[in-house]
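Analysis of the macromolecular model
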Amino acid sequence: MKADYKNWVPKGMVYGLIAGTGALAAGYAVANELTKKAPKSVRVGTKAVLGLGTLVCGAYAVWSVAAHRQFSYQGKRQLSKQIVEGTAKYVNIPVGGCGLDVGCGSGALTIACARRNPDAKMIGIDRWGAEYASFSKQLCEENSLAEDVLNTEFRNGDATCLDFEDETFDAVTSNYVYHNITGADKQKLLEETLRVLKKGGTFAIHDIMSKGRYGDMEAFAEKLRGEGYEEVRLIPTDDGMFMTKKEATWMMLRGSCLLVGKK
Ligand SMILES: C[S@@+](CC[C@H](N)C(=O)[O-])C[C@H]1O[C@@H](n2cnc3c(N)ncnc32)[C@H](O)[C@@H]1O
């Protein structure tokens with residue numbers, strides 16, 4: 001059995017957008033016939049709404065097909081794999097220690113870190129909600145078995161309020177999770193993740209850390225340094241490290257950045 005990490009742009013979304021575009025286009029054609037004798041304002045208004053809807057939905061459908069291909073673990077680009085493995089390189093766990101992956105999805109980053117740290121353990125937590133319906137705890141466990149990486153454990157959990165004592169883990173990591181949590185203060189989410197990290201433990205957190213989402217991350221990094229954190233670095237990954245600037249722009253990943261360091 002081969003691991004199946006699914007896709008950050010799920011197939012269901014791609015098919016839904018294609019079907020939606022088809023339905024709107026059909027609606028436009030039907031409305032064109034049915035409103036022939038209707039007053040001009042009704043005719044023009046109906047066609048404008050359905051025509052615009054078709055164009056917008058069609059554009060999203062084209063985008064989703066292209067993004068699905070780029071992210072796919074099977075395809076030529078394998079962007080997700082590169083991001084996950086590139087992030088895992090910063091996760092170092094001492095022998096007998098334990099690391100945490102917040103928002104583990106299909107288990108890719110948890111498993112990549114566990115493979116790199118065979119004498120330690122990785123715990124992956126996720127809330128596995130409706131927005132990423134193809135990800136599940138069972139899928140993570142199956143992927144671990146398929147990869148023959150058995151030093152993993154997966155649990156239900158919420159990134160906004162981690163169910164662990166302060167300073168539980170020797171390393172913490174996360175990839176493309178916090179930007180999904182609408183309404184939350186992203187720096188508070190980082191603090192919640194760092195809360196469960198032991199003194200001396202390493203962190204590697206990758207996300208779209210644009211100013212609009214995260215606020216001033218340089219000031220946040222400086223604050224951590226002031227609190228005694230070491231080797232704190234913000235590493236942009238959207239200008240060649242994980243993706244080109246052009247890819248980051250059209251895939252809506254501008255601002256992608258790794259926050260790494262030691263507590
Ligand atoms: C883009 S996916 C990334 C999955 C995984 N980190 C990876 O690199 O493949 C975002 C993940 O964040 C999870 N997530 C979103 N909000 C969460 C929350 N409040 N607590 C835990 N997980 C959350 C989603 O369920 C989803 O699995």
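Residues numbered from 1 in each chain as written. Predicted model: local features only at pLDDT ≥ 70, side-chain atom pairs only at ≥ 80, totals over all residues.

All right, on to the site of the ligand then. By nearness alone, 22 residues border the ligand, and Gly 103, Gly 105, Ala 159, Asn 175 and Val 177 come closest of all. Class assignment of the residues belonging to the shell around the ligand gives a composition of 12 nonpolar, 7 polar and 3 charged. (Near = placed C-beta within 6 Å. Nonpolar A, V, L, I, M, F, W, Y, C, P; charged D, E, K, R; others polar.)

Looking at helix 5 (residues 137-146), one finds that the buried residues are Cys 140, Asn 143 and Ser 144. Down the axis, helix 5 shows its buried residues gathered within 100° of arc, on one side only. Elements that come into contact with the buried residues of helix 5 comprise helix 4 (108-116), strand 2 (121-126) and strand 3 (152-156). (Buried ≥ 20, exposed ≤ 12 C-beta atoms within 10 Å, placed from the backbone. Helix = DSSP H or I, 4+ residues; strand = E, 2+ residues; numbered from the N terminus. Arc of directions from axis to C-beta. Contact = placed C-beta atoms within 7 Å.)

On to the domain arrangement of the protein chain, then. Domain boundaries assigned for the protein chain yield domain 1 (11-71) and domain 2 (79-262). Domain 1 puts 4 residues into the contact, and the matching count from domain 2 is 4 residues. In terms of residues, the side of domain 1 that touches domain 2 owes the most to one element, helix 2 (residues 40-71), which gives 3 residues. Across the side of domain 1 that touches domain 2, the residue classes break down as 2 nonpolar, 2 polar and no charged. (Domains from an automatic or database assignment.)

Consecutive side chains of a regular strand alternate in pointing toward one face of the sheet and then the other. Within strand 5 (residues 197-208), 9 of the 12 residues are buried, which leaves the element mostly enclosed by the surrounding structure. Inspection of the sheet shows strand 4 (residues 169-175) paired to strand 5 by 6 bridges, in the parallel sense. The residue bridging Ser 174 from the neighbouring strand is Ile 205, located in strand 5. Taking the sense of rotation as the criterion, the β-α-β connection linking strand 4, helix 6 (residues 186-195) and strand 5 turns out right-handed. Pairing geometry for strand 5 and strand 7 (residues 256-262), over 7 bridges, is antiparallel. (Pairing = 2+ DSSP bridges. Right-handed = clockwise from strand over helix to strand, strands pointing away.)

This part is about the nonpolar core. Judged by nonpolar contacts, the single largest core of 58 residues is most densely connected at Val 91, Leu 109, Ala 112, Cys 113, Val 172, Phe 203 and Ala 204. Among the elements that line this core, the one with the most residues is helix 4, at 6 residues. In this structure Val 172 touches Gly 99, Leu 100, Val 102, Thr 193, Leu 194, Val 196, Leu 197 and Phe 203, once residues within four positions along its chain are discounted. (Core = buried A, V, L, I, M, F, W, Y, C linked by C-beta atoms within 7 Å.)

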